[in-house]
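Overview (structure and organization)
Below are the chains, spelled out letter by letter.
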Amino acid sequence: MRTATITRKTSETSIDVSVNLDGTGTYTVSTGIGFFDHMLEQLSRHSLIDLDVETVGDLHIDQHHTVEDTGLAIGEAIAKALGEKRGIRRYADALSPMDETLTRVALDISGRPFLVWKTDFSQKRLGEMDTEMFEHFFHSFAHTAGITLHIETLYGSNNHHIAEAAFKGLARALREAVEIDPRKADAIPSTKGTL
């Protein structure tokens, strides 16, 4: 079983994250930000990665530390669960439609963290979540997961759909990329011999 547990404690947040890459998409998520919880639940359900997240953050200040540190912890847990990445498919992409919105997500579990973010929102908030925090989450996640991640909203107008399509697209691409390729189950997918 490819599992990992991460505990991250700072003066701003206290976070416990557990992942199972070979799960069924079950989750328990509590960050104190309802819309963020909903997005992380979508990430788990559609990636089939079991995800437990318990975040207590300094929300009396703002959402920045809570969202950033949760992204860092989830990314770190996924990287730890992947280990040396032997046998994974590594690359994946997904088109994620949600009503009038279409989002493209492509990723490479390369060990080289990078985010390309081509998504805009016409609202400053969704529920109680600041929309500028979405990019920050994906950046933090990609950084510690060691993933090159491209997210682009091709079109869309509903802000809820735009956010959700990004998380579901990441989920579907991540599901494929972390799967073990039966043709190369014992190999690291790089000519360098390491990722």
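Residues numbered from 1 in each chain as written. Predicted model: local features only at pLDDT ≥ 70, side-chain atom pairs only at ≥ 80, totals over all residues. Heavy atoms only, no water.

This next bit is on the overall build of the chain. The number of helices and strands found in the chain is four helices and 10 strands. Its C-alpha atoms give the chain a radius of gyration of 16 Å, near enough to 16 Å, the size a compact globule of 195 residues would have. Each principal axis of the C-alpha distribution contributes one length, and for the chain these read about 45 × 40 × 30 Å. Across the 195 residues of the chain, 51% fall into the buried class. (Helix = DSSP H or I, 4+ residues; strand = E, 2+ residues; numbered from the N terminus. Rg over C-alpha atoms; globule rule 2.2 N^0.38 Å. Buried < 20%, exposed > 50% of the residue type's maximum accessible area, 1.4 Å probe, protein only.)

Under the criterion given, the structure shown has 10 salt bridges. A salt bridge links Glu84 to Arg86; the nearest nitrogen and oxygen atoms lie 2.7 Å apart. Ionic contacts of the salt-bridge type, sharing partners, join the residues Arg90, Asp108 and Arg112 into one network. (Salt bridge = Lys/Arg side-chain N within 4 Å of Asp/Glu carboxyl O.)

Turning our attention to the pairing of strand E10 (residues 148-155). In the sheet, strand E6 (residues 101-108) pairs with E10 via seven bridges, with the strands oriented antiparallel. Of the residues in E10, the one forming a bridge with Thr103 is Thr153. Note that strand E7 (residues 114-118) and E10 share five bridges and pair parallel. In the strand pairing of E10, Trp117 is matched with Ile151. (Pairing = 2+ DSSP bridges.)

The phi angle at Leu48 is positive, at roughly 65°, despite the residue not being glycine. For Leu48, the position within the fold is in the loop between helix H1 (34-47) and strand E4 (50-57). Of the residues examined, Leu48 reaches a relative accessible area of 26% and is grouped as partly exposed. Its identity is not glycine, yet Arg90 carries a phi of approximately 80°, on the positive side. Mapped onto the elements of the fold, Arg90 is located in the loop between helix H2 (64-82) and strand E5 (91-98). Classification of Arg90 as buried rests on a relative accessible area of 7%.

As a further point, take the sheet that holds strand E3 (residues 27-30). Taken together, four strands build an open sheet; the order of strands is E1-E2-E4-E3 and the sheet is mixed. Each edge of the open sheet carries a strand with a single partner, namely strand E1 (3-9) and E3. Going from strand to strand, the sheet's axes swing by 5° on average, the running direction of each strand aside. Pairing geometry for E1 and strand E2 (residues 13-20), over seven bridges, is antiparallel. (Axes fitted to C-alpha atoms, helices over the stretch in contact; angles between N-to-C directions.)

Our focus in this paragraph is the nonpolar core. One finds Phe138 and Leu149 to be the most contacted residues of the largest nonpolar core, which totals 52 residues. With nine residues, the top contributor of residues to this core is helix H4 (residues 159-178). In this structure Phe138 touches Leu115, Trp117, Leu149, Ile151, Ala166, Phe167 and Leu170, once residues within four positions along its chain are discounted. (Core = buried A, V, L, I, M, F, W, Y, C linked by side-chain atoms within 4.5 Å. Contact = heavy atoms within 4.5 Å.)

Keep in mind that these numbers describe shape and distance, not what the molecule does.
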